[in-house]
Structures are given as C-alpha cells and as structure tokens.
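# Examining the three-dimensional arrangement
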Amino acid sequence: MAASSDQQAVWARVGRLCENHGCVLSTLGVFVAVAFRCAVAVSPHSGEATPPMFGDYEAQRHWMEITTALPALEWYENTTDNDLLYWGLDYPPLTAYHSLTLGQVGHALVPECFALSASRGHESVACKLFMRASVVLSDLLVYLPGCACAVGGFAHEKETSAARTAALLSLWLLPPLVLIDHGHFQYNGVCFGLCLAAAGCVARGRVLLGSVLFTSGLLFKQIALYYAPAFFFGILAHCLQRGPRGLLPAVWRVGVTGAVVLATASAIFSPWLLGPWLLTEGARPQAGALGAAGQVLRRMFPFGRGLYEDKVANVWCSISVVVKLHRLLQPERVPLACAGVTLAALLPTCACCLRTGASTADGGSRPSPAAFAAALAASAFAFFLFAFQVHEKAILFPCVAACLLPLALGPQRRPAWAPALLCHLVLACNFSMFPLVVKDKLIKVYAAQCLALVALCEALPAPGALRAAFRGCYVLAVLLHCVHALVAPPARYPDAWTLLITGSSCGYFVLCLGALTVAQLRGVFDHGWQGRGQKEE
C-alpha cells in the first residue's frame, strides 16, 4: 500500500508539471520522438543483404524506382520493365503517389539508388540514409500531426493537460510502430496519421472531413479496412443522431457523406479511371477504365496468398496445429468464412456506436466518442484475430486504437490503472511480433523497448490483482524467450516454440477483445462527454 501511495504521489507531481508546462513538454516530445526513431533506424532492416528478394526495404525502394520511371497506368501491370513477381506494387494508389514523390527527391540526391532495373538490391550508405530519413520525415509531416488531431478530438473539454500530453506521447513514441517503420522498414505512420486525424474529426462531429481523411488512409494502405466498420457506425451515428430529428435530414446527411467518400476515392483513382480515355487509340488499354482500375484492386487484394503470413498471433494460426481451416473448407470459401467470423466478432461493439448519446439544444443527440474509440480498437482486434491474410505487423492497428481509450473515457470515468493496462497491452503487441524481430535481427531494439515498457508498467499505479497478473505475464514471457533461445525444438515440430509465443499472445488478444465487447455492451463507454459542445458540419 505504501508503494502504491508513493507512486500516486510521484505521478501527481508529474501531472502538475504537465499542467504548468504542457506546451513545452509537447515540443520536447517532438524532439524525443525524432531521436527515438533515429536511434532505431541504425539497426538492420528487413531483408538486408539477403538476395534474391531482400525484404520490405527493397519493396519500398523498388516502388520508388517503378513510379518515377513508368507512367501511372503501368504501375500495377506486368510489363517488360515492371516484373510483378519482383515486389510488384500491391498497395493502393496513395502509396504509389507517396513513392513517386519520395522517388523524385531520391533521384535528385542518390540517382543510382533508383535506376530502373539496375538498382535492384541497392543498399549503399547514401541510399539507406535517404530511405531512413524519408520515413522520419513522413512521420513528422503526417503521423505526428494526425496524433495531435486525434488527441484534440477525443479529449474532454475539462481534460487535464497531463492526460492530453500522456496520450500524445503514447502515440508519438509507440514502440511497436517505431520498431516496424524505423527498424523493419515501412511507412505505416502515414496511414495511421490519416486514420487518427479522421478519427479525431469524427469524434468532434466533422464527419465530412473525417470521411475524406479515412478514405485517404484506406487508399494509402488497404489494411486500414480494420477500422472501416467502426468508422461506418461512428459516422452513421452522427448522421442519424445529430441535428433535427426526422428521416429525410438523416438520409440527406448519409447521402452527402457517401458522395464525399466516392468523390475522394474517384479523385485518387483518377489516373486509372480517366487515363485510358485520354490516351490515343493505339495506346489505350483494351480493358478500358474499369479494367485498369480493376487491376489495381486485384493487386490490392491478392486472395491467392493464403490464410495468414508466417507465424502470426491470430486464431487461425494458433489453432493450425489441431484445426487447419484451409483443409476443412474449399479454398474459395475460406475468405468468406473468415469474413463471417470477423463480422460476428466486431458487430456487437461497433453497433453500440448507434446508441443515443447526450442531448443537444436543437433536439438531436451527440454520439459518444468513447464508444467510437472502443469500436475502433475492437474492430481492429477482430480483424487481426479472425480475418483472412493477416500479417504479424497488423497488430499495430488495434495497438494504435487502444491508445485513444484512456483519453476518450474522460477524466471522470477513467480508472487510475488505465495507463498501466495500456502499457501492458503495448508490451504484449511487441511480444507478439517476436518471430519477425528474430527474422529481421532487431533483438537489441526489441529487448530495450520491452525493458522500458516493463519499467513503465511497474512505475504506473495499478491494483494488486492487476499487478500480479502483469508479473505473471512477465515470467511467462521470459520463460518462452529462454526456451526459444536455448532449447532446440522437436524435429517434427520445428516451429513449436514460435507457436507458443504467438499462441499465448493470441490468447491475450482474445481476452482484450472479449473485455472490450463486454464493457461496450454494458455501456462503460457510453457517457464520455455528457454536456460537451461540438462543432458540427
């Protein structure tokens, strides 16, 4: 009890410091976030010096090479200059535009790194510096502002500066995201920046701007579909509940929102929708505009790849030792079965966004931002656990969404142990990616992050039962790491120790989804912002 009182006193002093110097701490946080990313960036990247395909670093570099050398209509087509079997572009058009922009800058600085065909596997120091710097710059321009928008959108008007600063730093310094983007090498921060900005806008009732931003995030990285059900119900709740009651006004708001989404998607797809008609007859693709756009969609959703990639902490991989879904069902039915289970898992939580919230002066009602934040996390967990074609990096989506939950609950309903529980969840997300960490030789970065998260979990206040559960998880994780490192797996089951790590992580995430669903159904997240004013479109 004394230790708990001491912890509360320490965090009370930290809170007062944040109240008095919140702006200074936030500015300092930007520099710390950049320094953290740069420190991780000196580690090996995915596929480093590993021909013939190398890894995700090479994929991103190759996309810059392709987009700067070829016209847009050839980016997703198999041609003499664009072999789709060698890291063919399979992300949406906004990623391609991002690659084009960075590739144009790269051509001016290190042209040998992006020479068509001749630059495959190029890993010079200058090229690595440019590529690493491009991820940091992308985070500065998109991810960090997107986090600030989300924090501003979900924070109660009476929220403390300490809680706002803590939420901002938890997103800016999120270890699993930094490990993947700046160690493994990807640009997930751009997608998350757009999605977080969209979530902040929807939380404040700015659904049209939120729709534009989320559609952009989805067309940067299609895995943002993990958030799509939550955005659908969250935006629908605003369309149905806010403003004057009645069917026609609600239908009008839904129609306008749908039109905005379609217009945004059409603008992003315009080179493939309009490009074939602007070409001369001899150069025009025989398939026309729909065929060109359809090829992009086929590249975005390659259902032939399989149920999951590598060893991932989801249900289908965890039960594969006993139950193999792809053997029980015909191949074409596996994606449908996964979709059905995923929708069943997320629907109860997401549908709760439609509950009537606080009344407004004009006779409407205000949906709960806390319920929307819970729906984002639950939807992402459901997709990660049950969806088709899941990668271990996909755990970033529920992890990022969960960072919004303590803030969204508001100062009156947020339990004192919420930050500790969030910190432990982030630690579990890091742990679940351990097989990828081993593959990419990121053990040192991973170990430093885990030790820092354990120290923070121990420093944050938590009741005795929760603290005991945390420590039990630490012991189990250490044992699994020791077994993985020191004991040879059975010859018949070479992936046994890896599956123990991913399987235990899967069990943890199933409990998280179950707890979120129960809490949402019981109305824990329904009363976050009673009496708060919102600016509405």
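Here we summarise the structure given alongside this text. (Residues numbered from 1 in each chain as written. Predicted model: local features only at pLDDT ≥ 70, side-chain atom pairs only at ≥ 80, totals over all residues. Heavy atoms only, no water.)

### Structural notes on the overall build of the protein chain
Across its full length, the protein chain holds 23 helices and two strands. By the burial criterion, 53% of the 537 residues in the protein chain qualify as buried. In the protein chain, once contacts between residues fewer than 6 apart in sequence are set aside, the share between residues at least 24 apart is 78%. With the model as given, the accessible surface of the protein chain reaches about 23,100 Å², and the carbon-plus-sulfur share is 70%. (Helix = DSSP H or I, 4+ residues; strand = E, 2+ residues; numbered from the N terminus. Buried < 20%, exposed > 50% of the residue type's maximum accessible area, 1.4 Å probe, protein only. Contact = heavy atoms within 4.5 Å. Areas by Shrake-Rupley, 256 points an atom, 1.4 Å probe, with all protein chains shown as cover.)

### Here we look at the pattern of salt bridges
Tallied over the full model, the rule gives nine salt bridges. Residue R61 is joined to E65 by a salt bridge in which the shortest nitrogen-to-oxygen separation is 2.9 Å. Taken together, the residues span about one helical turn, with R61 and E65 both in helix α2 (residues 56-69) at a distance of four residues. For E65, a relative accessible area of 1% puts it in the buried group. Across the salt bridge formed by R471 and E458, the nearest N and O atoms sit 2.7 Å from each other. Of this pair, R471 sits in helix α22 (residues 464-486) while E458 sits in helix α21 (residues 443-459), and the two are 13 residues apart along the sequence. Residue class for R471 comes out partly exposed when judged on its relative accessible area of 43%. (Salt bridge = Lys/Arg side-chain N within 4 Å of Asp/Glu carboxyl O.)

### Comments concerning the side chain of S505
Take S505: it is sitting in helix α23 (residues 496-521). Classification of S505 by relative accessible area gives buried; the value is 3%. Once residues lying within four places of it in the same chain are set aside, the contact partners of S505 are A313, A428, F431 and S432.

### Comments concerning empty space enclosed by the protein
Taken as a whole and judged by the stated rule, the model has three cavities of 30 Å³ or more. Along the walls of the largest cavity sit Q60, Y91, T95, H98, S99, Q186, Y187, N188, F220 and K221, which together make up its complete lining. Per-element accounting of the lining of the largest cavity gives the leading share, three residues, to helix α3 (residues 93-109). Across the lining of the largest cavity, the residue classes tally to three nonpolar, six polar and one charged. (1 Å grid on protein atoms, 1.4 Å probe; cavity = no way out; pocket = protein on both sides within 12 Å on 5 of 7 lines; lining within 4 Å. Points joined across faces, edges and corners; volume = space filled by probe spheres on them. Nonpolar A, V, L, I, M, F, W, Y, C, P; charged D, E, K, R; others polar.)

### Details of unusual backbone geometry
Note: most residues except glycine have negative phi, and most peptide bonds are trans. Of the consecutive residues P51 and P52, the connecting peptide bond is found in the cis state with omega at 5 degrees. Within the secondary structure layout, P52 lies in the loop between α1 (2-41) and α2. Non-glycine residue F54 carries a positive phi angle of around 60 degrees. You can see F54 is positioned in the loop between α1 and α2. Unusually for a residue other than glycine, F185 sits at a positive phi of about 100 degrees. The exposure class assigned to F185 is buried, which follows from its relative accessible area of 0%.

### With respect to helix α6 (residues 175-185)
With 11 of 11 residues buried, α6 lies mostly within the body of the structure. Within the span of α6, buried status applies to P175, P176, L177, V178, L179, I180, D181, H182, G183, H184 and F185.

### Regarding the packing of helix α4 (residues 125-154) against α6
Contact pair α4 / α6: the axes reach a minimum separation of 9 Å and the direction vectors enclose 150 degrees. For the element pair α4 / α6, the angle class is roughly antiparallel. Two secondary-structure elements touch here, α4 through M131, R132, V135, V136, D139 and Y143 and α6 through L177, D181, H182, G183 and F185. Here the contact of α4 with α6 is composed, by residue class, of six nonpolar, two polar and three charged. (Axes fitted to C-alpha atoms, helices over the stretch in contact; angles between N-to-C directions. Parallel < 35°, antiparallel > 145°, perpendicular 65-115°, else oblique.)

### Digging into the state of the cysteines
Using the criterion set out here, one finds one disulfide in the structure. Linked covalently through their sulfurs, C113 and C127 form a disulfide whose S-S length is 1.8 Å. Here the residue C113 occupies a position in the loop between α3 and α4, and C127 occupies one in helix α4, the gap between them amounting to 14 residues. Using a relative accessible area of 0% as the deciding quantity, one classes C113 as buried. You can call C127 buried: its relative accessible area is 0%. Here C457 stays free of any disulfide, with the sulfur of C423 as its closest cysteine sulfur at 3.2 Å. Among the residues examined, C457 registers a relative accessible area of 0% and is labelled buried. (Disulfide = S-S within 2.5 Å.)

### Digging into the nonpolar core
Judged by nonpolar contacts, the single largest core of 158 residues is most densely connected at F154, Y227, F231, L376, F384 and F509. For this core, the element with the highest residue contribution is helix α16 (residues 369-386), accounting for 16 residues. (Core = buried A, V, L, I, M, F, W, Y, C linked by side-chain atoms within 4.5 Å.)

### A few points about the packing of aromatic side chains
Within this structure, the stated rule accounts for 22 aromatic pairs. Relative to F130, the ring of F114 has its centre 5.8 Å away and its plane inclined at 80 degrees; by these criteria the two rings are edge-to-face. Of this pair, F114 sits in the loop between α3 and α4 while F130 is found in helix α4, placing the two residues 16 residues apart along the sequence. For the pair F114 and F130, one class covers both residues: buried. Residues F214 and F231 carry aromatic rings whose centres are separated by 4.1 Å and whose planes lie at 15 degrees to one another, so their mutual orientation is stacked. Separated by 17 residues along the polypeptide, F214 in helix α8 (residues 207-218) and F231 in helix α9 (residues 228-241) bring together distant segments of the chain. The exposure class assigned to F214 is buried, which follows from its relative accessible area of 9%. Since its relative accessible area comes to 2%, F231 is described here as buried. The rings of W75, Y76, Y97, F269 and W272 are connected pair by pair, giving a single aromatic cluster. The ring centre of Y86 lies 4.0 Å from the NZ or CZ of R120, which sits over that ring. (Phe/Tyr/Trp six-rings, centres within 6.5 Å; stacked < 30°, edge-to-face > 60°. Lys NZ or Arg CZ within 6 Å of the ring centre and 35° of its normal.)

Read these as geometric descriptors, not functional statements.
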